[in-house]
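An overview of the molecular structure
One-letter residues, chain by chain:
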Amino acid sequence: MRKALLAARRALPETTRAGWDAAIAQRLLDWCAQEKVEELGVYWPLHGEPDLHGAYAQLAARGVQLCLPVVLEKHAPLAFSDWTPGVAMVKDGMGVAVPAQLRLRAAPATLLVPCLGFNGERYRLGYGGGYYDRTLAQAPPPRTLGIAYACLKASFPNGEYDIALDHIVTEGDLY
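Definitions and cut-offs
- Residues numbered from 1 in each chain as written.
- Predicted model: local features only at pLDDT ≥ 70, side-chain atom pairs only at ≥ 80, totals over all residues.
- Heavy atoms only, no water.
- UniProt positions renumbered as here; feature names shortened; annotations may be inferred.
- Helix = DSSP H or I, 4+ residues; strand = E, 2+ residues; numbered from the N terminus.
- Rg over C-alpha atoms; globule rule 2.2 N^0.38 Å.
- Buried < 20%, exposed > 50% of the residue type's maximum accessible area, 1.4 Å probe, protein only.
- Salt bridge = Lys/Arg side-chain N within 4 Å of Asp/Glu carboxyl O.
- Pairing = 2+ DSSP bridges.
- Right-handed = clockwise from strand over helix to strand, strands pointing away.
- Axes fitted to C-alpha atoms, helices over the stretch in contact; angles between N-to-C directions.
- Parallel < 35°, antiparallel > 145°, perpendicular 65-115°, else oblique.
- Left-handed = near helix turned anticlockwise from the far one by under 90°.
- Contact = heavy atoms within 4.5 Å.
- Nonpolar A, V, L, I, M, F, W, Y, C, P; charged D, E, K, R; others polar.

- Going by an unreviewed UniProt entry, the protein carries the name 5-formyltetrahydrofolate cyclo-ligase and comes from Janthinobacterium svalbardensis.
- Database annotation for the protein, UniProt heading Catalytic activity (unreviewed entry): "(6S)-5-formyl-5,6,7,8-tetrahydrofolate + ATP = (6R)-5,10-methenyltetrahydrofolate + ADP + phosphate".
- Turning to the protein, the UniProt record has this under Sequence similarities (unreviewed entry): "Belongs to the 5-formyltetrahydrofolate cyclo-ligase family."

Structure follows, in structure tokens:
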């Protein structure tokens, strides 16, 4: 299923994806304003994930403290580094962009979680590494906002260690 969802996402035309990204970004901005979000864990898009950099810049301008997930060790929860749009970035050992100067911090109270796929119960399908699952299992758990394209909604059972997200934002809905 992961391969099929990844192929479907990568096959989306750039113009379609750009329009959907703009819609998701606006929903994110509205939600953060409504919920009075002060700190937010964001993500750097991989493999055709929704690119929300424009929203990140607007959130930073509003005074929201942003941070990016960082893998410090395998089979462990994610760590987080403070981040401001425009700072120098480097690729980590897995090819993910991270701040060149890590400024590690505690996990944020609210976290964006990119979804390869999701189901009607707000469980996400990721790439299979378990990093977000281990992160969400920590106490206190962060408030979560999954980010996905609506066309990636799928039917799959949740696993023993899966944790439902609080909300999922797509270009058309907030679940």
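**Digging into the overall build of the protein**
- Scanning the protein from N- to C-terminus turns up four helices and eleven strands.
- At 15 Å, the protein has a C-alpha radius of gyration in line with the 16 Å of a compact globule built from 175 residues.
- Overall size of the protein, expressed as C-alpha extent along the three principal axes, is 40 × 35 × 30 Å.
- Here the protein holds 175 residues, and the buried ones make up 42% of them.

**Some points on the UniProt feature "binding site: substrate" (unreviewed entry) in the protein**
- Here, the residues flagged by UniProt with the feature "binding site: substrate" (unreviewed entry) are Glu49.
- Position of Glu49 relative to the elements: it lies in the loop between strand 1 (39-41) and helix 3 (53-61).

**So, the pattern of salt bridges**
- Following the criterion strictly, the structure yields four salt bridges and no others.
- Glu14 is paired through a salt bridge with Arg17; the nearest N and O atoms lie 2.9 Å apart. Of this pair, Glu14 and Arg17 both sit in helix 2 (residues 14-35), three residues apart, roughly one helical turn.
- Given a relative accessible area of 58%, Glu14 falls into the exposed group.
- Arg105 is the salt-bridge partner of Asp82, the closest N and O atoms lying 3.5 Å from each other. Placement of Asp82 in strand 3 (residues 79-83) and of Arg105 in strand 6 (residues 104-105) is noted, with a sequence separation of 23 residues between them.
- Among the ionic contacts, a cluster of salt bridges with common partners joins Glu39, Asp82 and Arg105.

**Comments concerning the pairing of strand 2 (residues 65-70)**
- Taken across its six residues, strand 2 has five buried, putting it largely inside the fold.
- One ladder, built from three bridges, connects strand 1 with strand 2; its direction is parallel. Across the sheet, the residue bridging to Glu39 is Gln65, located in strand 2.
- Read as a crossover between parallel neighbours, the route from strand 1 over helix 3 to strand 2 is right-handed.
- The pairing of strand 2 with strand 3 spans five bridges and is classified as antiparallel. Along strand 3, the bridge assignment pairs Cys67 with Asp82.

**Side note on the packing of helix 2 against helix 3**
- Look at helix 2 against helix 3: their axes get within 9 Å of each other, and the N-to-C directions meet at 25 degrees. Accordingly, the angle class assigned to the pair helix 2 and helix 3 is roughly parallel. Between helix 2 and helix 3 lies a crossing of right-handed hand. Contacts from Ala25, Leu28, Leu29 and Cys32 in helix 2 reach Ala55, Gln58 and Leu59 in helix 3.
- Taken together, the residues of the contact of helix 2 with helix 3 break down into six nonpolar, one polar and no charged.

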